[in-house]
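# Geometric and topological summary
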Amino acid sequence: MTEQRQDDREHLEATSISVVDLESGVEFEGDGKNLSGHGLLFHAAMEPAVGADMQVTLCGQKSMKARVRVVRVEPRSGGYDVAARIKG
């Protein structure tokens, strides 16, 4: 498979993520996988809807707060890998 990413990725080991679905107000936790200038990948037990707008807070070696839109959800062991685009 050809790599299509154009941004470098920063691995997010030991970074927990607090997530709030902005439409429903549902809150859940996740574990960071990687971060770029435009996107975030995290693992969560809860499956968010593709297209959902969310507020995420990263806590760990990398800390930040951002608004994101979910672009992809893939089932993985014990939950889901969630790819989201950071909204400017």
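Attention here is on the structure that accompanies the text. The structure presented is a predicted model; accordingly, all values stated were derived computationally and were not measured.

Before going further, it helps to spend a moment on the environment of glutamate 27. Along the polypeptide, glutamate 27 turns up in strand β3 (residues 27–35). C-alpha separation for the pair glutamate 27 and histidine 11, spaced 16 residues apart in sequence, amounts to 24 Å. Not counting residues within four places of it along the chain, the set of residues in contact with glutamate 27 comprises Val19 and Val20.

Two elements, strand β5 (residues 53–59) and strand β6 (residues 64–76), share six bridges in a ladder whose sense is antiparallel. Paired with methionine 54 across the strands is valine 68, a residue of β6. The hairpin formed by β5 and β6 contains four residues between the paired strands, and glycine 60 there has a positive phi angle of roughly 155°. Sheet topology places β6 next to strand β7 (residues 79–86); eight bridges connect them, and they run antiparallel. From the neighbouring strand, proline 75 faces β7, where its bridge partner is tyrosine 80.

Evaluation of the coordinates by the stated rule reveals six salt bridges. The salt bridge partner of lysine 87 is aspartate 53, with a shortest N-O separation of 3.2 Å. Residue lysine 87 is found in the segment after β7, and its partner aspartate 53 is found in strand β5; the two are separated by 34 residues along the sequence. Of the charged contacts in the structure, one is a salt bridge between arginine 76 and aspartate 81, with a shortest N-O distance of 3.4 Å.

By secondary structure assignment, the location of threonine 15 is in the loop between β1 (10–11) and β2 (16–21). Classification of threonine 15 as buried rests on a relative accessible area of 4%. Ignoring any residue separated from it by four or fewer positions in sequence, one finds threonine 15 in contact with Gly30, Asp31, Gly32, Leu58, Cys59, Gly60, Gln61 and Lys62.

Once that is clear, we can look at the pairing of β3. Both β1 and β3 contribute to a ladder of two bridges, which runs antiparallel. Residue pairing in the sheet places glutamate 10 in a bridge with leucine 35 of β3. Note: β2 against β3, five bridges, orientation antiparallel. Counted as the bridge partner of isoleucine 17 is glycine 30 from β3. Remark: five residues form the turn of the hairpin made by β2 and β3, two consecutive strands paired antiparallel; glycine 25 in that turn has positive phi of roughly 80°. Pairing analysis gives five bridges linking β3 to strand β4 (residues 39–44), with the strands arranged antiparallel. Residue pairing across strands places glycine 30 opposite alanine 44, the latter belonging to β4. Counting the residues between successive antiparallel strands, the hairpin from β3 to β4 contains three residues.

Conventions and cut-offs
- Residues numbered from 1 in each chain as written.
- Predicted model: local features only at pLDDT ≥ 70, side-chain atom pairs only at ≥ 80, totals over all residues.
- Heavy atoms only, no water.
- Helix = DSSP H or I, 4+ residues; strand = E, 2+ residues; numbered from the N terminus.
- Contact = heavy atoms within 4.5 Å.
- Pairing = 2+ DSSP bridges.
- Salt bridge = Lys/Arg side-chain N within 4 Å of Asp/Glu carboxyl O.
- Buried < 20%, exposed > 50% of the residue type's maximum accessible area, 1.4 Å probe, protein only.

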